[in-house]
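Each chain is listed here by its residues.
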Amino acid sequence: MIKTKETLLAQVDRCSKCGACREVCPVFLAKGSEPYVARAKVQLAGAWLDGNLSPSRRLQELMGYCLLCKTCTHHCPNGVQVDRLVLAARAEAGPARRSLVRLAATGILPHPRRMWVAHGVFRLTQGTLTRLRPALQGLPQVPRKPFTQHYPAVLPVARPRRRVGYFLGCMIQYFWHRVGDAAIHVLREHDGEVVLLPGCCGMPAAAQGAAGIARQQAEMVVRQAEQARVEAVVTTCASCGLALAGYGDELSTPAARAFSQRVRDISAFLMETGLNRDLGVVETVVTYHDPCHLRRGQGVWQQPREILRCIPGVDLREMEQPDRCCGGSGTFAFSHPEVAAAIGGLKAEMAARTGAAVVATGCPSCQLQLAGVLDRAGQAVRVAHTVEILSQAYAARLTP
Ligand code: SF4
Ligand code: SF4
């Protein structure tokens, strides 16, 4: 996060109001009016910081209309970090209103006991909640227990080559166990002794403007990884990975900087350490969706494609604009369901046009959004994390 008023205003000053962000901002393209584009957010944040605008409900609402997708920053000729400005503005101005989404992000996710209770309630009411909130449609059947109750804290292998921390994040711990199972299988195929690291990365709280809570989460995660004495911390969630990689800057401590240097998305980790290419056949057509926080946030986009191309039988077909945001963006799909559905609908069309049977991606939040929008578009296309397909290929090797 950009921390001081001076650095925030320096970002605002860099904006030449050229309007290049109008061509690419998914929220602007969905809403079609100037207050929703990156340029407007920059100017509003600037006027507010200069004291020319008081933090009104409308200002808070407009700052909420951002996916934090970094598309504007990526295309901005002046490198204005709009998403960081928006996060800083949210932290200063506070929420537009109290909402269930904010309560979950700041009052439940960071607290394992409360999350455990909420998880139980959610599991029992999943059908009703999904009818009320279509953004939940893509979620698998919620498992009975958290992921860590299915495995020992440390998973040994016969000939360990490295000790790897697997940061689960809330999505794997409570919802997407099949991704976690696949990640563990894949890491053990690479002779990794896996240490499970549960916890919340703090991104949901930061996105809701609760920077203090996000910082507390970061401190806890760094301490936990230090105690686990792991060489690398891998994630299967693009947003967790981006948050973890930013702890060094955010906390500015030697421990946090050392921690952030060890963070890797699982696809990058596998390619860096040498992918085990002893793979079975997975006969299918796949298209790959780039999570914003993986491609623009961490520069990881070639590695998952390289992994998929290595799998015998996989026919990888690129969709139009594979790096276009899917509209999920963590809590955004819940706080702004109509805009998220419009953005996701376009993505579903682009994916379906490839004729793929599977959309692969690298973030459970994108998986949730993609599965929902594809289903609503009537497309019988499966959505899977890249490691799920890789795990399938290792399992297929053993099948006669
Ligand atoms: S592209 Fe960058 S410089 Fe141009 S209006 Fe948008 S934020 Fe400002
Ligand atoms: S981060 Fe994404 S949604 Fe937010 S202003 Fe930039 S392009 Fe638009």
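Each value, and the rule that gives it
- Within each chain, residue numbers correspond to sequence positions counted from 1 in written order.
- All chains are assigned letters beginning at A, and all ligands numbers beginning at 1, according to the order in which they are written.
- Thresholds applied to this predicted model are a pLDDT of at least 70 for local features of residues and 80 or more for the giving and counting of side-chain atom pairs; totals over whole chains, interfaces and linings are not thresholded and use all residues.
- Think of it this way: any DSSP run of H or I at least four residues long counts as a helix, any run of E at least two long counts as a strand, and we number them from the N terminus.
- The reference for a compact globule is 2.2 Å times residues^0.38; the radius of gyration itself is calculated from the C-alpha atoms.
- Remark: residues whose backbone-derived C-beta atoms lie within 7 Å of one another are considered to be in contact.
- To get an axis, fit a line to the C-alpha atoms, keeping to the stretch in contact for a helix; angles then go from 0 to 180 degrees between the N-to-C directions.
- Two helices that cross are described as forming a left-handed crossing if the nearer one is turned anticlockwise from the farther one by less than a right angle, and a right-handed crossing if clockwise.
- Between the first and last residue of a helix there are one fewer steps than residues, each counted as 1.5 Å, and that sum is the expected span.
- Whether a residue is buried, exposed or partly exposed follows from its count of other C-beta atoms within 10 Å of its own C-beta, namely 20 or more, 12 or fewer, or something in between, respectively; the C-beta atoms are built from the backbone.
- Bear in mind that the domain bounds are from an automatic or database domain assignment.
- The criterion for a residue being near a molecule or strand is simple: its C-beta atom, placed using the backbone, must lie within 6 Å of it.
- Basically, the charged four are Asp, Glu, Lys and Arg, the nonpolar ten are Ala, Val, Leu, Ile, Met, Phe, Trp, Tyr, Cys and Pro, and anything else, Gly included, counts as polar.
- Two strands qualify as a pair provided that DSSP identifies no fewer than 2 bridges between them.
- Angle categories are assigned with fixed cut-offs, so that under 35 degrees is roughly parallel, over 145 is roughly antiparallel, 65 to 115 is roughly perpendicular, and the rest are oblique.

Undergrad: An account of the overall build of the protein is requested, with residue identities and associated values reported.
TA: Counting its secondary structure elements, the protein contains 23 helices and nine strands. For 400 residues, the compact-globule estimate of 2.2 N^0.38 gives 21 Å, and the C-alpha radius of gyration of the protein, at 21 Å, lies within 12% of that figure. By its C-alpha atoms, the protein is 70 × 45 × 45 Å across when sized along the principal axes. The contacts in the protein between residues at least 6 apart in sequence include a share of 78% that link residues at least 24 apart.

Undergrad: Any details on the packing of helix H4 (residues 57-64) against helix H6 (residues 82-93)? Residues and values, ideally.
TA: It is the contact of H4 with H6, at a shortest axis distance of 10 Å, that shows an interaxial angle of 145°. In this structure, H4 crosses over H6, and the sense of that crossing is left-handed. Of the residues in H6, those touching H4 at Leu59, Gln60 and Met63 are Val86, Ala89, Arg90 and Ala93.

Undergrad: Before we move on, could you go through helix H3 (residues 38-49) and cite the residues and values that matter?
TA: Spanning twelve residues, H3 covers 16 Å between terminal C-alpha atoms, matching the ideal 16 Å at 1.5 Å per step. Turning to H3, its buried residues number three or more, namely Ala38, Arg39, Lys41, Val42, Leu44, Ala45 and Trp48. Tucked into the core, H3 has its buried residues touching helix H1 (5-14), H4, helix H5 (71-75) and H6. Count one or two residues on from H3 and you reach Gly51, which has phi positive near 85°.

Undergrad: A description of the domain arrangement of the protein should follow, citing residues and the corresponding values.
TA: Here the domain parsing of the protein yields domain 1 (5-93), domain 2 (147-272) and domain 3 (275-398). Contacts between domain 1 and domain 3 engage twelve residues on the former and 13 residues on the latter. Where the side of domain 1 that touches domain 3 is concerned, the elements lending two or more residues are helix H2 (26-31) and H5.

Undergrad: Got a sec to walk through the site of ligand 1? Specific residues and values, please.
TA: Around ligand 1, the surrounding shell holds 15 residues, and the nearest of these are Cys15, Cys18, Cys21, Arg39 and Cys76. The biggest single contributor to the shell around ligand 1 is H3, with three residues. Among the residues forming the shell around ligand 1, the class breakdown is ten nonpolar, three polar and two charged.

Undergrad: Account for the site of ligand 2, with residues named and values stated.
TA: Taken together, 14 residues lie around ligand 2, and Cys25, Ala38, Cys66, Cys69 and Cys72 are the ones closest in. When residues of the shell around ligand 2 are traced back to their parent elements, those giving at least two are H2, H3, H5 and H6.

Undergrad: Break down the sheet that holds strand S9 (residues 382-385) for me, citing the residues and quoting the values.
TA: Taken in spatial order, the four strands line up as S7-S6-S8-S9 in an open sheet, and their pairing is parallel. Of all strands in the sheet, those with a lone pairing partner are strand S7 (314-316) and S9, marking the two edges. Neighbour-to-neighbour, the strand axes of this sheet turn through a mean angle of 35°, independent of strand direction. Strand direction decides the pairing type here: strand S8 (residues 358-361) and S9, joined by four bridges, are parallel.

Undergrad: Please set out the sheet that holds strand S1 (residues 154-155) residue by residue, giving values where relevant.
TA: The mixed open sheet is built from five strands, whose spatial order is S1-S3-S2-S4-S5. What marks the edges here is a single partner per strand, and that holds for S1 and strand S5 (263-265). Summarising the sheet, strand S4 (residues 232-235) and S5 pair through three bridges and their orientation is parallel. Following the sheet pairing, Thr235 is matched in S5 by Asp265. Across the sheet, helix H13 (residues 211-228) touches strand S2 (162-167), strand S3 (192-197) and S4, and the angle it forms with S3 is around 145°. Helix H14 (residues 238-245) contacts S2, S4 and S5 of the sheet and is inclined by roughly 160° relative to S5.

Undergrad: Account for unusual backbone geometry, naming residues and giving values.
TA: Backbone geometry places Leu68, a non-glycine residue, at a positive phi of 55°. Mapped onto the elements, Leu68 comes out in the loop between H4 and H5. Judged by the 23 C-beta atoms lying within 10 Å of it, Leu68 is buried. With a phi angle near 45°, Gln321 is a residue other than glycine that sits in the positive phi range. Mapped onto the fold, Gln321 is located in the loop between S7 and helix H20 (332-335). Since 13 C-beta atoms lie within 10 Å of it, Gln321 is described here as partly exposed.

Undergrad: Which residues make up the environment of Gln224, and what values do they have?
TA: On the secondary structure map, Gln224 appears in helix H13. It is 9.9 Å that separates the C-alpha atoms of Gln224 and Gly165, two residues lying 59 residues apart in sequence. Beyond its immediate stretch of four places on either side in the chain, Gln224 contacts Leu197 and Gly199.

Undergrad: Break down the packing of helix H11 (residues 177-189) against helix H23 (residues 386-398) for me, citing the residues and quoting the values.
TA: H23 packs onto H11 with a crossing angle of 55° between their chain directions and a minimal axis gap of 8 Å. The angle between H11 and H23 falls in the class oblique. With respect to the hand of their crossing, H11 and H23 are arranged in left-handed fashion. Counting all contacts with H11, which are made through Arg178, Val179, Ala182, Ala183, His185, Val186 and Glu189, the residues of H23 involved are Val387, Glu388, Leu390, Ser391 and Tyr394. Within the contact of H11 with H23, the residues separate by chemical class into seven nonpolar, two polar and three charged.

Undergrad: Could you give an account of the pairing of strand S6 (residues 284-288), naming the residues involved and the relevant values?
TA: Sheet topology places S6 next to S7; three bridges connect them, and they run parallel. Note on S7: the bridge partner recorded for Val285 is Asp315. Alignment of S6 against S8, held across three bridges, turns out to be parallel. Within the sheet, the bridge partner assigned to Tyr288 lies in S8 and is Ala360.

Undergrad: Mind laying out the environment of Pro160, listing which residues take part and the relevant values?
TA: Note that Pro160 resides in the loop between S1 and S2. In contact with Pro160, not counting residues within four places along its chain, are Asp191 and Glu193.

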